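Overview (structure and organization)
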Amino acid sequence: MTTSRAPAPPAPSPPGTPADAAAPDDRLLMDTFMSQYRLPAVAVADRLGLFAALAAAPSDVGALAGAHGLDRHGTSVLLEFLAAQGYLAVHGGRYRPTPSARAFLLPGSARYWGPMLGLGWDERCTAVQQVVTTGTPHGYRGKGIWETHGRSRRHGEQFTRAMHAHSAAPAAALAAQLDLAGCAALLEVAGGVGTFAMALARRNPHLKATVLDLPVVEREAHRLLADADLADRVALRTGDMFTDPWPHGQDRVLFADVLSDWDDERCRTLLERARAALAADGRLLVHQVLPDDAARLSPTVTGYSLALAVMTGGRLRTLPELTALLTAAGFTDCAALPVYGHYALVTARPA
Ligand SMILES: C[S@@+](CC[C@H](N)C(=O)[O-])C[C@H]1O[C@@H](n2cnc3c(N)ncnc32)[C@H](O)[C@@H]1O
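Reading the values: rules and limits
- Residues numbered from 1 in each chain as written.
- Predicted model: local features only at pLDDT ≥ 70, side-chain atom pairs only at ≥ 80, totals over all residues.
- Helix = DSSP H or I, 4+ residues; strand = E, 2+ residues; numbered from the N terminus.
- Rg over C-alpha atoms; globule rule 2.2 N^0.38 Å.
- Buried ≥ 20, exposed ≤ 12 C-beta atoms within 10 Å, placed from the backbone.
- Contact = placed C-beta atoms within 7 Å.
- Domains from an automatic or database assignment.
- Right-handed = clockwise from strand over helix to strand, strands pointing away.
- Pairing = 2+ DSSP bridges.
- pLDDT = per-residue confidence, 0-100.

1. Focus: the overall build of the protein
Looking only at helices and strands, one finds 16 helices and nine strands in the protein. Relative to its length of 351 residues, the protein is compact, with a C-alpha radius of gyration of 22 Å against a globular reference of 20 Å. Along the first, second and third principal axes, the C-alpha set of the protein runs to 75 × 65 × 40 Å. When each of the 351 residues of the protein is scored for burial, the buried share is 43%. When contacts within the protein are restricted to residue pairs at least 6 apart in sequence, long-range pairs at least 24 apart make up 70% of them.

2. Quick look at the domain arrangement of the protein
The domain boundaries assigned to the protein delineate domain 1 (29–134) and domain 2 (153–299 + 314–350). Here the C-alpha centre of domain 2 lies 33 Å away from the C-alpha centre of domain 1. On the domain 2 side, the residues contacting the seven residues of domain 1 number seven residues. Of all the elements, helix α6 (residues 72–85) adds the most residues to the side of domain 1 that touches domain 2, at five residues.

3. Regarding the pairing of strand β3 (residues 185–189)
The element β3 is extensively covered by neighbouring structure, given that four of its five residues are classed as buried. With helix α12 (residues 195–203) bridging β3 and the parallel strand β4 (residues 208–213), this β-α-β connection has right-handed handedness. Strand direction decides the pairing type here: β3 and strand β6 (residues 250–256), joined by four bridges, are parallel. Bridge assignment links L187 to a residue of β6, and that residue is V253.

4. Some thoughts on the pairing of strand β7 (residues 278–289)
With nine of twelve residues buried, β7 lies mostly within the body of the structure. The parallel pair β6 and β7, bridged by helix α14 (residues 264–277), forms a crossover whose chirality is right-handed. Across six bridges, the pairing between β7 and strand β9 (residues 343–350) is antiparallel. Considered in β9, the bridge of L285 is made with T347.

5. Things to note about the confidence of the model for the protein
Model confidence for the protein is summarised by a mean pLDDT of 93, while 94% of its residues fall at 70 or above. Contacts from residues 1–6, a stretch scored under 50 in pLDDT, to residues over four places away or in other chains number zero contacts. Of the regions scoring below 50 in pLDDT, residues 8–19 engages in 15 contacts with residues more than four places distant in sequence or in other chains.

Next up, the structure:
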């Protein structure tokens, strides 16, 4: 007698294998993940009376935030997301409710949805309200995200695995497109388990990479490096990127989804440290979602900005905003190249 068995699931392909090249990009997953902020954004705007205020007097971000005692950055991220969702229209920098918002989001109207939005109010709505009213990130229930990872290995390792899952496909796409001929040493700052460094090292057998991150990534990183057989070419260095020394003489310094976690002052510190770590003919690489005029219309990209403000206090920056930061830190020749899904690579060299 033969017994039927469920076939074993296929082993996941490591990032950078040919199977990835034909796969669709991650935009559908990004759409789904960022959609968790859609209701909170509308519910918070309703609770703060913003639709009624903008119906009475269309305003720009500064005027609205000033009149209601709100945080400017939190308000700006919220309004852009509401506009991308179709609740606000913007003309000449001034926001006003769209016909759908006028029909359903003005208190006192017969079709007002406020009580229904109240039914959906949850912790995430509280987090968004905190960012919009005070500008401070909510992190994990009001506790800072990185400090929490330092105290709770469970939170830290869960986040680390999540980042690896999120970054595996963009890392493989970058590795397939980036020419690293002549590049011997790469430093990936705040690289998590080294998802990008591993994909780049796999594609470039001459490359040696160092990944700098907090100690919480250590266990997961060593397991993945051993599995990928890259432990001899990708080294993990744990420490605080703001205070601990970085290895110098690097051909490339890479920030992947890092600058978007920090305010301008912290970014300047990181970029100045990158400038010092690079060889004279080295290159800076910044890989992240880069909002352009088209992306401003995307609920996913604008929702991502709100998610960053809520979790880390960071922000997505446009190419002109990044260029200004890079220039101030001593870089020149800033250029952007679309790479994968919503992601782009910004490159620059020491001035
Ligand atoms: C958004 S994750 C990006 C991880 C990785 N670059 C990627 O794209 O998958 C940000 C990383 O910054 C790290 N990080 C935060 N504060 C840090 C610090 N002070 N020093 C070093 N790493 C830090 C976190 O541990 C986390 O791995």
